[in-house]
Amino acid sequence: MADHEKPIPAQPQLDLSRRQFMARSAATVAGAAVSSYGFAWGDLAYGQQVSGPPVEFNVAIRPDWTQGWFGMINQEKGFWKKYLPAGSNVTFSHPIQGGIVTSELIANKSVIGHNGDAPGLIATFQRERVDIRAVGIIGSSPSGYATFQVLVRKDAPEFANSKEALKWMDGKKVATPKGSASDRFFQDVLKREGVKPAEYLNLAIGVITTSLRNGTIDGACTWDPQGAAVSTIAGEGIARVVATGYPWNERDFGTMIARKDFMDAKPEIMKAWLKSEIEAQIWYCDPRNHDEVIAIAQKYVKGLSRQALWFSLAGLIPEPYYGGPIRDEKLFVWNDDIRAVQAKVVEYLAANKVIPSSTLLPGAVDDSLAREAMKEMGVSSPLVTLKAVPLDKGYPLLGNKDRIEDYVALFS
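All values derive from a computational prediction rather than experimental measurement. (Residues numbered from 1 in each chain as written. Predicted model: local features only at pLDDT ≥ 70, side-chain atom pairs only at ≥ 80, totals over all residues. Heavy atoms only, no water.)

**Quick notes on the side chain of arginine 62**
When you line up the elements, arginine 62 lands in the loop between strand E3 (56-60) and helix H3 (70-77). Arginine 62 gets classed as buried once you look at its relative accessible area, which sits at 4%. From its side chain, arginine 62 meets the backbone oxygen of proline 95 in a polar contact 3.4 Å long. For arginine 62, the contacting residues outside a window of four places in its chain are Gly68, Trp69, Pro95, Ile96, Gln97, Gly98, Val101, His114, Asn115, Gly116 and Trp223. (Helix = DSSP H or I, 4+ residues; strand = E, 2+ residues; numbered from the N terminus. Buried < 20%, exposed > 50% of the residue type's maximum accessible area, 1.4 Å probe, protein only. Polar contact = N/O pair within 3.5 Å; in protein donor to acceptor, adjacent residues only side chain to side chain. Contact = heavy atoms within 4.5 Å.)

Printed below as a string of structure tokens:
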């Protein structure tokens, strides 16, 4: 049996109170699926709202990045209203790259933000300007589905596998948004494969799309939903997705960051916010909500087809560029796998003089409030795991209320 044909490991059972057990016992945890009894979302927030005066702050979320879509779900569904004091007001900004998120926190425009692996850790080295801590995990794919999308122009040769596709980039013109997690991954695997592009350009994601369309670059590395949107698999058809992190066993992850002065001044508010993020992550992954997730995504991510948006959420990248069986794991807190990736990221950033040291500053990662929030809500890590499903099996069932059980079963 090939590695990618092995069954997905079951998640550990959750230790739940009776109320939460009633809400969650129907879940098919390995696929984030739910039985016909549904999911009593309101029970997650039962008794969790903080009392006291209302608060007001801004959060920087990333609708441009599929792994961070639960942020727009929290904005649209307003889960935070069930956890923060009555009358509170949270506003949202939508930066299109991690470095911009960090800039918003430095400027005190935002107090909480969603970031990729590299930008999230870079942010913690800004203490001469403001103390920013990494406080939670946005999501993580064991094969980098969300963040490590390697593309080639559609008329590139057919390759036997992902590594052969990467070697074709030797002497070619490629691009990525510099300073992103995609950039860190792309530079790393190009070096490991001994590939030296003729040009390695710093282009924004929209410019990458235009450049692939008019053929002024040969390849790129970016993140979903852009990868899906330009792909020949599910999108515009101007580029082919030829690799994720799967051939190199590279996991992606995103970090939730926060200003420490906000955390110190309002720890219960910060924890209440984290609880709303827990609910948003679980709701977002539930297959019963996927049709609404895509409808919401269409409001926030303009110009992308419904099919491409779905594929970036749950689609399986097939052979010969197999992307792995898991689209997303909502871990929420650090574990050994994330720490191992983090160590490589920090080492890489230090070697490239992006950060001054390969040793994180004391307390740079602090998921203590996230762990308290999980404990008080009776959930554990991973919150959910979302399986990758073939396009021809999953997408035709999206929104078909008569076949919702068939759709849900695909994720079990």
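**Focus on unusual backbone geometry**
With an omega dihedral of 5 degrees, the bond running from glutamate 319 to proline 320 counts as a cis peptide bond. Within the secondary structure, proline 320 sits in the loop between helix H13 (306-314) and strand E13 (326-330). Cis geometry is adopted by the peptide bond preceding proline 382, which originates at serine 381 and carries an omega value of 0 degrees. Along the chain, proline 382 falls in the loop between helix H15 (368-377) and strand E14 (384-387). A positive phi angle is found at asparagine 249, which is not glycine, with a value near 55 degrees. Mapped onto the fold, asparagine 249 is located in the loop between strand E11 (239-243) and strand E12 (254-259). Positioned with a positive phi, phenylalanine 332 is a non-glycine residue whose angle comes to about 75 degrees.

**Description of helix H12 (residues 290-300)**
Burial in H12 covers these residues: His290, Val293, Ile294, Ile296 and Ala297. For H12, the angular spread of the buried residues around the axis is 160 degrees, confining them to a single face. Residues of H12 that are buried sit in contact with H3, helix H11 (267-285), H13, E14 and helix H17 (404-409). (Arc of directions from axis to C-beta.)

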